[in-house]
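Fold and contact review
What follows is each chain in one-letter form.
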Amino acid sequence: MKRPYCTAVIMAAGKGKRMGMQISKQFLPVCGKEILAWTVDAFENSASVQEMILMASKDGMEDVKTLCTQYGWKKVSAILEGGKERQNSVCNGLAAISEKTDVVLIHDGVRPFVTEQMIADSITAALAYGGAVIGVPAKDTIKVCDADNMAIQTPDRSVLWQIQTPQTFLKTQILSAYQKAETEGFLGTDDASVAEYAGYRVKVVMGSYRNIKITTKEDLCIAEAFLKEEQA
């Protein structure tokens, strides 16, 4: 069986408003290196991924190009401008996927603790099921609330998963799903929801509670602690 050609689309077009800082969160340094650089390095060093497309904001385009030159990433084939919403940015990235690509991985640029095992497991599952996402079982009780923040339902925690990235799909499947979503005006919360809207089933693969998305200042402290532990 021929080895699949895998392309990672890495989302680095966010503004990071929840961080409350002037600089976009993907460019913030953690233990001496930008968050985005930690993330891209994981895919650059992955034996499972052959190519990367980086999505940047209009204001951050030059910063991403600078990082690419600084770190000498060889797998980056394009740095493209993102859209208004994350889904629009993914669409722009998918439009640039090469014909030889078999599998597409879509990953948050501020999720730097992705491992080779997660990448490989998601690819294996996507080849078997068409689409797969990394996730972890919910540890906290989840409440469904009404408009007044009154709890109206408590879902069974045993069937709830917190979904992470990478979210990985056969190229034909994710292109078809995004085309349908764009045609019909559907806006999903993640790539899996777009695939589900198009009628595809998505396999959830065990990830790690360390695979955090750095969104708040508290997350920066956690990320720094994780990296210092790994470096030690």
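In what follows, the structure referred to is the one given above.
These numbers come from a predicted model, not from an experiment.

Basis of the calculations
Residues numbered from 1 in each chain as written. Predicted model: local features only at pLDDT ≥ 70, side-chain atom pairs only at ≥ 80, totals over all residues. Heavy atoms only, no water. Pairing = 2+ DSSP bridges. Helix = DSSP H or I, 4+ residues; strand = E, 2+ residues; numbered from the N terminus. Axes fitted to C-alpha atoms, helices over the stretch in contact; angles between N-to-C directions. Contact = heavy atoms within 4.5 Å. Salt bridge = Lys/Arg side-chain N within 4 Å of Asp/Glu carboxyl O. Buried < 20%, exposed > 50% of the residue type's maximum accessible area, 1.4 Å probe, protein only. Expected span 1.5 Å × (residues − 1). Arc of directions from axis to C-beta.

Take the sheet that holds strand β7 (residues 131-137) next. Hydrogen bonds between backbone atoms are what pair the strands of a sheet, whose relative direction is either parallel or antiparallel. In spatial order, the strands read β5-β4-β1-β6-β10-β7-β11; together these 7 strands make up an open sheet with mixed pairing. Two strands bound the open sheet, and with one partner strand each, they are β5 (76-81) and β11 (203-206). Ignoring which end each strand starts from, the neighbouring axes of this sheet average 25° apart. Across 4 bridges, the pairing between strand β6 (residues 103-108) and strand β10 (residues 161-170) is antiparallel. Directly across from valine 103, in β10, lies its bridge partner leucine 170.

Structurally, glutamine 26 is set in the loop between β1 (6-12) and β2 (29-30). If we skip the residues at most four places from it in the chain, glutamine 26 touches Ala12, Ala13, Gly14, Glu34, Ile35, Leu36 and Val110.

Considering all chains together, one arrives at 9 salt bridges under this definition. The salt bridge partner of lysine 33 is aspartate 41, with a shortest N-O separation of 2.5 Å. In terms of burial, lysine 33 and aspartate 41 fall into one category: buried. Here arginine 86 and aspartate 191 are joined by a salt bridge, their closest N and O atoms 3.2 Å apart. Here arginine 86, found in helix α3 (residues 86-94), pairs with aspartate 191, found in helix α6 (residues 191-197); they are 105 residues apart in sequence, far enough to count as distant. For arginine 86, a relative accessible area of 28% corresponds to the partly exposed category. Shared partners join several salt bridges into a network, and the residues in it are Arg86, Asp108, Arg111 and Asp191.

Turning our attention to helix α7 (residues 217-231). End to end, α7 covers 21 Å across 15 residues, agreeing with the expected 21 Å (1.5 Å per residue, within 8%). Along α7, the residues that are buried comprise Asp219, Leu220, Ala223, Phe226 and Leu227. Buried residues in α7, looked at end-on, bunch into an arc of 125°, giving them a common side. Facing away from the buried side of α7 by over 90 degrees, the exposed positions are Glu218, Cys221 and Glu229. Where α7 is buried, its residues meet β2 and α1 (35-44).

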